[in-house]
Amino acid sequence: MRQAIHTLAQGPPVLDLAVGGPPAASIEPVLAAASGRYILVYPVLRAVTGSAKGALMLSQMLYWTRTYLADHPERGGWFWQTRQDWRASTGLSRYEQEHVRAALRTAGLVQQQLRGTPARMHYRVDLDALGAAVARHLNVAYAGWRWEDAAIKALLGRPVVFLRALVDIAGSVTAALYLSDLCQQQRTLERNATRGYPALNSVQRELDAGAGWLALPLGETASRLGLTPKRLRSARQCLIAAG
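In every chain, residue numbers begin from 1 and rise along the written sequence. Owing to the predicted nature of the model, reporting of local features is limited to residues with pLDDT of at least 70; listing and counting of side-chain atom pairs is limited to 80 or more, with chain, interface and lining totals taken over all residues. Processing note: side-chain calculations cover all non-hydrogen atoms of the structure and skip hydrogens and water entirely.

*Asks:* Looking at this model, I keep getting lost on the overall build of the protein. Mind explaining?
*Replies:* Summing up its helical and strand segments, the protein has 11 helices and nine strands in all. For the protein, the residues scored as buried account for 42% of the 243 residues in total. Total accessible area on the protein is roughly 12,600 Å²; 52% of this is exposed by carbon and sulfur atoms. Under the DSSP-based scheme used, a helix requires at least four consecutive residues in state H or I and a strand at least two consecutive residues in state E, with every element numbered from the N terminus. Working definition: with a 1.4 Å probe on protein chains only, accessible area under 20% of the residue-type maximum means buried, over 50% means exposed, and in between means partly exposed. Accessible areas in this description were obtained via Shrake-Rupley with a 1.4 Å probe; residue shielding takes into account the shown protein chains only.

*Asks:* Looking at this structure, how should I read the sheet that holds strand β4 (residues 79-80)?
*Replies:* Neighbouring strands of a sheet are bound in pairs by backbone hydrogen bonds; such pairs are parallel or else antiparallel. The criterion for strand pairing is that DSSP finds at least two bridges linking the strands in question. Here we have three strands laid out as an open sheet, ordered β4-β6-β5, and antiparallel in their pairing. Since the sheet does not close on itself, it has two edges, and those belong to β4 and β5 (110-115), each with one partner. Relative to strand β6 (residues 120-125), β4 is paired through two bridges, and the arrangement is antiparallel. When the sheet's bridge partners are listed, Phe 79 is paired in β6 with Tyr 123.

*Asks:* Honestly, the packing of helix α3 (residues 52-71) against helix α4 (residues 83-90) in this entry has me stumped. Any pointers?
*Replies:* Between two packed helices, both the angle of their axes relative to each other and the distance between the axes serve to describe the pair. In this description, a line fitted to the C-alpha atoms serves as the axis of each element, helices being fitted only across the stretch in contact, and the angle between N-to-C directions of two axes falls anywhere from 0 to 180 degrees. Packing of α3 against α4 brings their axes to within 11 Å, and their N-to-C directions diverge by 105°. Taken together, the axes of α3 and α4 are roughly perpendicular relative to one another. On α4, the residues that touch Leu 56, Met 57, Gln 60 and Met 61 of α3 are Trp 86, Ser 89 and Thr 90. Each residue gets one label: Ala, Val, Leu, Ile, Met, Phe, Trp, Tyr, Cys and Pro are nonpolar, Asp, Glu, Lys and Arg are charged, and the others, such as Gly, are polar. In the contact of α3 with α4, the residues fall into four nonpolar, three polar and no charged. Here is the rule for angles: anything less than 35 degrees is roughly parallel, anything more than 145 is roughly antiparallel, 65 through 115 is roughly perpendicular, and the remaining ranges are oblique. Only heavy atoms matter for contacts: two residues are in contact if any of them lie within 4.5 Å across the pair.

*Asks:* Looking at this structure, I do not really get the packing of aromatic side chains. What am I missing?
*Replies:* Stacked, edge-to-face and tilted labels apply to pairs of Phe, Tyr and Trp rings (six-membered ring for Trp) whose centres lie within 6.5 Å, assigned for plane angles under 30 degrees, over 60, and everything in between, in that order. The full count for this structure, using the stated rule, is six aromatic pairs. For the pair Trp 64 and Tyr 68, a centre-to-centre distance of 6.1 Å together with 70° between the ring planes defines the contact as edge-to-face. In this pair, Trp 64 and Tyr 68 are both assigned in helix α3, four residues apart and thus about one turn of the helix distant. Between Trp 145 and Trp 147, the aromatic rings sit 5.4 Å apart at their centres with planes inclined by 70°, giving edge-to-face as the arrangement. Trp 145 sits in the buried class, given a relative accessible area of 15%. Trp 147 gets classed as partly exposed once you look at its relative accessible area, which sits at 22%. Here the aromatic residues Tyr 63, Trp 64, Tyr 68, Phe 79, Trp 86 and Tyr 123 are joined through ring pairs into a cluster of three or more. Note on criteria: charge over ring means Lys NZ or Arg CZ within 6 Å of the ring centre, with the direction from the centre no more than 35 degrees off the ring normal. The ring of Trp 78 carries Arg 115 above its face, with NZ or CZ at 4.2 Å from the centroid.

*Asks:* Is there a simple way to think about the environment of Arg 87 in this case?
*Replies:* Tracing the backbone through its elements, the reader meets Arg 87 in helix α4. Owing to a relative accessible area of 39%, Arg 87 belongs among the partly exposed residues under this scheme.

*Asks:* Explain the pattern of salt bridges to me, please; I cannot follow it from the model alone.
*Replies:* Between Lys or Arg on one side and Asp or Glu on the other, a salt bridge is scored when a side-chain nitrogen of the former is within 4 Å of a carboxyl oxygen of the latter. Overall, the coordinates contain seven salt bridges when judged by the stated rule. For Arg 66, the salt bridge identified is with Asp 149, shortest N-O distance 3.2 Å. Note that Arg 66 is positioned in helix α3 and Asp 149 in helix α7 (residues 149-156), a separation of 83 residues in sequence. Overall, Asp 149 belongs to the exposed group, its relative accessible area being 58%. Taking the shortest distance from any N to any O, the salt bridge between Arg 164 and Asp 168 comes out at 3.7 Å. On the basis of relative accessible area, Arg 164 is assigned to the buried category, the value being 10%. With a relative accessible area of 60%, Asp 168 lands in the exposed category.

*Asks:* I would appreciate a short explanation of the nonpolar core in the present structure.
*Replies:* A general tendency of soluble globular proteins is for nonpolar side chains to be buried together. Among the nonpolar cores identified, the biggest contains 59 residues, and Leu 45, Leu 58, Met 61, Leu 130, Leu 156 and Phe 162 are the most heavily contacted of them. Top element by residues in this core is helix α9 (residues 173-195). It accounts for nine residues. Not counting chain neighbours up to four residues away, the residues in contact with Phe 162 comprise Arg 37, Tyr 38, Ile 39, Val 41, Leu 56, Ser 89, Thr 90, Val 167, Val 173, Ala 176, Leu 177 and Ser 180. We call a set of buried residues a nonpolar core when its members are Ala, Val, Leu, Ile, Met, Phe, Trp, Tyr or Cys and they connect through side-chain atoms within 4.5 Å of each other.

Structure follows, in structure tokens:
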């Protein structure tokens with residue numbers, strides 16, 4: 001993957017961030033190769049977990065919770081994952097996993113128990129505690145957890161697709177989240193250009209800055225991904241350093 005990450009030295013503030021260069025091959029083969037393992041990350045969860053890594057792990061926990069409730073309702077939402085499983089799915093190191101798990105437990109969002117022989121760490125998301133915490137952050141009423149797609153979207157908002165394979169390329173989980181979003185935005189631009197109309201981001205501003213550049217304002221990108229501008233700048237530097 002050699003998609004260049006650049007900053008624009010001149011121009012209005014809207015072009016604070018950009019990804020681009022001379023027109024090249026489509027981003028589709030890159031996404032096809034990297035999409036074998038992914039997580040739908042809900043940026044709003046950063047506000048209730050305190051970190052983007054917490055949002056990443058909790059988003060994956062929600063996936064397993066929904067899966068186990070559907071396939072094994074008798075377990076009451078409990079599921080197990082090993083340290084290696086978490087590493088494979090999220091890219092988080094052992095230290096990062098332990099830090100995030102402690103934060104989720106302290107926040108009262110996730111229960112953890114060693115069970116079975118051999119002993120494995122089991123997890124259970126307190127869905128009502130999570131739903132209430134998100135509702136407080138958004139200053140909206142909470143009427144109980146519901147798994148319908150419309151209800152999840154109304155409470156948690158639109159997710160960001162996190163491509164696990166990009167962690168090894170980008171050098172960090174945060175940089176991989178940023179790169180995942182850049183790839184998705186590039187695909188949106190390519191597809192809409194093919195259809196003959198301009199691609200728009202979440203605030204309806206044109207993405208196409210011309211000459212292969214993709215206009216992504218830093219503040220709006222940080223908000224969309226649930227990152228602070230400082231974290232996003234750091235992630236951008238990681239991508240630039242990685243080439």
